[in-house]
Amino acid sequence: MDPKETIKKNLKRRSTIIEKDLKFINEVPLPKWIELSLIDVCNRSCSFCPKSDDSVAPDTFNKMERVLIDKLTSDLIKMNYSGTIALCGYGEPLLHKDILYITEKLSSASSVEIITNGDPLTSKLLKKIYDAKAHRVLVSMYDGPEQIEKFKKIIESSGVPEEFVILRDRWYKEEKDFGVKLTNRAGTVKIGNQVDINEHKTCYYPTYQFLIDWDGNVYLCPQDWQRKVAMGNVMQEEVFDVWTGKSFTKYRKNLLQGDRSSSPCNSCNANGCMLGAAHATSWRKKYKIN
């Protein structure tokens, strides 16, 4: 298997979700990808992830509560959200004991994907996730190709459609960037062949997506592992109001013009233009940015 090909396939799959059929409210482009960090703990410690450093991202065991899930679902239905909700974030989502409730509730408003390291996954749990109306489960395999057979057996035994689960090879060494799209996670990760922070300037992240942490705080993107700047909180405001608020507007305008001078962007080396071109064009038109 070729890790670069796996990354390309993932980007292509996500592009079909993000780039097509943009929705608007009063000429405001709506997001197409919302990442939820359900629980602040992971059972693994990968060297390319900030969770490997307790001084940066310690396990706090804080978790998202049902009241937030209920409120978020209501907000998304109200704004006719048509994108995807990805359950991953700063921890392992399958460690949340309410994963089935969360999945089923959110699926009433949106397509739900679960991105997991697969360690807690069993055939029984996989079937329950499928019955909870998840759209897809993505398993990142970090140990080696021998895991392929293990997860194929789980899929077969569960009785879910084979295409319901995507297996992703992530077991590579540092010279192959560990099989991931390696970034410095806004200055928190130094391992690997990292590009300079001045390599990329323009960024589309805040034009089409955001991350919601366990407590409802909204962050620009999954690169901000130190949670430096919150755009708002979905328990205090409606999702659409956070999306169109002053903080998001400031960062969106700056990043569309290649200005990464504000934290956490001034420490980030991620290429933020791999997805979201259609949204960026729509926002530029709205803001009258060339």
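Since the model is a prediction, treat every value here as computed from it, not as a measurement.

So, the pairing of strand E7 (residues 165–169)
For step 1, the next point in the chain: Inspection of the sheet shows strand E6 (residues 136–141) paired to E7 by 5 bridges, in the parallel sense. Bridge pairing links Met141 to Asp169 in E7.
For step 2, the next point in the chain: Handedness of the crossover is the feature at issue here: the chain leaves E6, passes through helix H5 (residues 146–158), returns alongside E7, and the resulting connection is right-handed.

Some thoughts on the pattern of salt bridges
For step 1, the next point in the chain: Enumeration according to the criterion identifies 12 salt bridges in this entry.
For step 2, the next point in the chain: One salt bridge in this structure joins Asp131 and Lys127, with 2.8 Å as the shortest N-O distance. With a gap of 4 residues between them, Asp131 and Lys127 both fall in helix H4 (residues 123–131), about one helical turn apart.
For step 3, the next point in the chain: Here Asp131 falls in the partly exposed class, since its relative accessible area comes to 41%.
For step 4, the next point in the chain: In this structure, a network of salt bridges that share partners links the residues Asp40, Lys51, Asp59, Asp213 and Arg227.

Focus: the environment of Leu211
For step 1, the next point in the chain: Here Leu211 lies in strand E8 (residues 209–212).
For step 2, the next point in the chain: You can call Leu211 buried: its relative accessible area is 0%.
For step 3, the next point in the chain: Sequence separation of Leu211 and Gln257 is 46 residues, and the distance between their C-alpha atoms is 22 Å.
For step 4, the next point in the chain: The contacts of Leu211, once residues within four sequence positions are left out, are Glu35, Ser37, Gly89, Tyr90, Asn217, Val218, Tyr219, Cys221 and Pro222.

Points about the nonpolar core
For step 1, the next point in the chain: Ranked by internal contacts, the top residues of the largest apolar core, which has 72 residues, are Leu36, Leu76, Leu87, Leu106, Leu126, Ile129 and Ile212.
For step 2, the next point in the chain: By size, the runner-up hydrophobic cluster in this structure holds 11 residues, among which are Val56, Leu211, Tyr219 and Trp225.

Considerations on the sheet that holds E6
For step 1, the next point in the chain: An order of E7-E6-E5-E4-E3-E8-E9-E10 is seen for the 8 strands of this open sheet, with the pairing classed as mixed. The sheet is open, and its two edges are formed by E7 and strand E10 (230–233), each paired on a single side. With direction set aside, neighbouring strand axes in the sheet form an average angle of 25°.
For step 2, the next point in the chain: Across the face of the sheet, helix H3 (residues 99–106) comes into contact with strand E3 (33–36), strand E4 (84–87) and strand E5 (111–116) while running at roughly 170° to E4.

Things to note about the state of the cysteines
For step 1, the next point in the chain: Overall, the coordinates contain 0 disulfides when judged by the stated rule.
For step 2, the next point in the chain: Among the cysteines around Cys49, which has no disulfide bond, Cys46 carries the closest sulfur, lying 6.3 Å off.
For step 3, the next point in the chain: Judged by relative accessible area, which is 18%, Cys49 ranks as buried.
For step 4, the next point in the chain: Here Cys88 is not cross-linked by a disulfide; its sulfur's nearest cysteine counterpart is in Cys49, at 11 Å.

Procedures and definitions
- Per-chain numbering applies: the sequence of each chain, read as written, is numbered from 1 onward.
- Totals for whole chains, interfaces and linings use all residues, but because this is a predicted model, local features are given only for residues with pLDDT of at least 70 and pairs of side-chain atoms are given and counted only at 80 or more.
- Calculation of side-chain values draws on the structure's entire complement of heavy atoms; hydrogens and water are dropped beforehand.
- Two strands qualify as a pair provided DSSP detects at least 2 bridges between them.
- Secondary structure is summarised from DSSP: a helix means a run of H or I of at least four residues, a strand means a run of E of at least two, and numbering begins at the N terminus for each.
- If the strands point away from the viewer and the path from the first strand over the helix to the second runs clockwise, then the crossover is right-handed.
- We count a salt bridge whenever a side-chain nitrogen from Lys or Arg sits within 4 Å of a carboxyl oxygen from Asp or Glu.
- Three exposure classes are used, based on accessible area relative to the maximum for each residue type with a 1.4 Å probe and protein chains only: buried under 20%, partly exposed in between, and exposed over 50%.
- Any two residues having at least one pair of non-hydrogen atoms within 4.5 Å are treated as being in contact.
- Residue types Ala, Val, Leu, Ile, Met, Phe, Trp, Tyr and Cys, when buried and joined through side-chain atoms within 4.5 Å, form a set referred to as a nonpolar core.
- Each axis is a line fitted through C-alpha atoms, and for a helix only the stretch in contact is used; angles between axes span 0 to 180 degrees, taken between their N-to-C directions.
- By definition, disulfides here are pairs of cysteine sulfur atoms that lie within 2.5 Å.

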